[in-house]
Amino acid sequence: MAFEPPRRLARALGERNAAPGAGPWLARLPEIVADVVARRGLDVERVVAPGGRDSLVLLVRRAGAAAPAALKVAPPFAEPAAERAALTHWKGWGAVETYDTGADDDGALLLERLRPEVSLRSLPDAKALLEAAGTIRRLWVEPPAGHAFETVEERTGREARVMRAGDGPEALVDAALRAREAMLATADESLLLHGAFRQGKVLAGERAPWLAVGPEPVVGERAYDLARLARDRVEDLIASDTGASSARRRMRRLADSLDVDRDRLRSWTLFRAVESGTRAARAGRGSTAEVLLEYASWL
């Protein structure tokens, strides 16, 4: 199958040239996809565009299966094995189902087909947050025994080292790092989390109205997982005259609706916003960095 990778994927991987093998993987992507499709006996309908930032998604059909499927092809640094393990553990409860048995170790995931063009971002914000809260609640379960998932402490530890070595706004970076240390020192939950949950990661389905996709699974406390959702549609908040108060009010409502401690949610939201903002700045996405860091300053 000959195709050009979606521009969004090419641009995102270009920004991540420090990721092991990002450039070579992108260059070989047409060859990789052709091999995966042939070995799995799939018929490709089309590539999903604009698609994701770390993977290519194709709409496919399986020989002898009535239900259509989606094929996600990801580079090794995106840890597709961890995503497969999380989806297998959730068994379709709140998340897309995987049709993989684990026998294929080709960096691809064969998934239940959802409606990639319809995410929670298509709904008014208040309704989207309500549906998002109902979805993420289903994902917070005990991890499987003997799991190999990364922990929140491990993931944020790597991020914190980069933040310390960077040139982000010192006061905000220091506040974010202190918040992280305080949260880790008092954490008392070890649940399986989505890790990258936001409105755009929840798609419309047939089996259930809304299902989560694209987890970056991690084990830790619920407040960490909710922190990315708390800043969804941040550009709208920044553009509003009441953005700061609206952001804090939204955070309180999210915390209360899911029985999450408000202060813990605020602390993790601060850390994750500053981490994302400084990472955007390093990648040359200045306007995105400014928006995220201004948002973080409200917290």
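Residues numbered from 1 in each chain as written. Predicted model: local features only at pLDDT ≥ 70, side-chain atom pairs only at ≥ 80, totals over all residues. Heavy atoms only, no water.

**Q** Would you take a moment to explain the layout of surface pockets for this structure?
**A** In this approach, a probe sized like a water molecule rolls over the atoms, and the result shows the empty space that is left. Put simply, the second largest pocket is a space of about 360 Å³. As for the second largest pocket, its lining consists of 15 residues, and the residues nearest its centre are Asp125, Ala126, Leu129, Arg250 and Arg253. Those elements giving two or more residues to the lining of the second largest pocket turn out to be α5 (125–139), α9 (234–239) and α10 (243–257). By residue number, the principal contributor to the lining of the second largest pocket is α10, which donates six residues. The residue inventory of the lining of the second largest pocket, partitioned by class, reads six nonpolar, three polar and six charged. (1 Å grid on protein atoms, 1.4 Å probe; cavity = no way out; pocket = protein on both sides within 12 Å on 5 of 7 lines; lining within 4 Å. Points joined across faces, edges and corners; volume = space filled by probe spheres on them. Helix = DSSP H or I, 4+ residues; strand = E, 2+ residues; numbered from the N terminus. Nonpolar A, V, L, I, M, F, W, Y, C, P; charged D, E, K, R; others polar.)

**Q** I'm lost on the sheet that holds strand β3 (residues 69–73) in this one. Help?
**A** Two modes of strand pairing occur in sheets, parallel and antiparallel, and in both the strands are linked by backbone hydrogen bonds. Taking strand neighbours across the sheet as the criterion, the four strands line up as β1-β2-β3-β4 in an open arrangement whose pairing is antiparallel. Two strands in the sheet have a free side with no partner beyond their single neighbour: β1 (42–47) and β4 (108–112). Averaged over all neighbouring strand pairs, the angle between strand axes comes to 35°, with direction disregarded. Where β1 and strand β2 (residues 56–62) come together, five bridges link them in antiparallel fashion. Bridge pairing in β2 places Val47 opposite Leu58. Sheet contacts for helix α3 (residues 29–40): β1, β2, β3 and β4; angle to β3, the most-contacted strand, approximately 140°. Helix α4 (residues 80–90) contacts β3 and β4 of the sheet and is inclined by roughly 30° relative to β4. (Pairing = 2+ DSSP bridges. Axes fitted to C-alpha atoms, helices over the stretch in contact; angles between N-to-C directions. Contact = heavy atoms within 4.5 Å.)

**Q** Hey, could you run me through a positive patch on the surface in this one?
**A** A surface patch of positive charge is lined by Arg248, Arg249, Arg252 and Arg253. Within the fold, Arg249 resides in helix α10. (Patch = residues over 30% accessible without salt bridge, like charges linked within 9 Å, V, L, I, M, F, W, Y side chains within 5 Å. Areas by Shrake-Rupley, 256 points an atom, 1.4 Å probe, with all protein chains shown as cover. Salt bridge = Lys/Arg side-chain N within 4 Å of Asp/Glu carboxyl O. Lys, Arg positive; Asp, Glu negative; His and termini not counted. Charge placed at Lys NZ, Arg CZ, Asp CG, Glu CD.)

**Q** Even after reading the chapter, I still don't get the environment of Ala296, so can you show me in this structure?
**A** Looking at the element boundaries, Ala296 is found in helix α12 (residues 286–298). Sequence-wise, Ala296 and Ala22 are 274 residues apart; in three dimensions their C-alpha atoms are separated by 30 Å. Residues within four places of Ala296 in sequence aside, it is in contact with Leu172, Leu270, Ala273 and Val274.

**Q** Honestly, the sheet that holds strand β8 (residues 202–204) in this entry has me stumped. Any pointers?
**A** An order of β5-β8-β9 is seen for the three strands of this open sheet, with the pairing classed as antiparallel. Each edge of the sheet is formed by a strand with only one pairing partner; in this case those strands are β5 (115–119) and β9 (210–212). Recorded for the sheet is a direction-independent mean angle of 55° between the axes of neighbouring strands. Sheet topology places β5 next to β8; two bridges connect them, and they run antiparallel. Residue pairing in the sheet places Arg115 in a bridge with Ala204 of β8.

**Q** Just to check I follow, could you spell out the nonpolar core for this structure?
**A** The tendency in soluble globular proteins is for nonpolar side chains to be buried as a group. Formed by 69 residues in total, the largest nonpolar core has its most connected members in Leu226, Val274 and Tyr295. In contact with Tyr295, not counting residues within four places along its chain, are Ala230, Arg231, Val234, Leu237, Ile238, Ala247, Met251, Thr269 and Ala273. Counting 20 residues, the second largest nonpolar core, distinct from the first, contains Leu13, Leu26, Leu58 and Ala69. (Core = buried A, V, L, I, M, F, W, Y, C linked by side-chain atoms within 4.5 Å. Buried < 20%, exposed > 50% of the residue type's maximum accessible area, 1.4 Å probe, protein only.)

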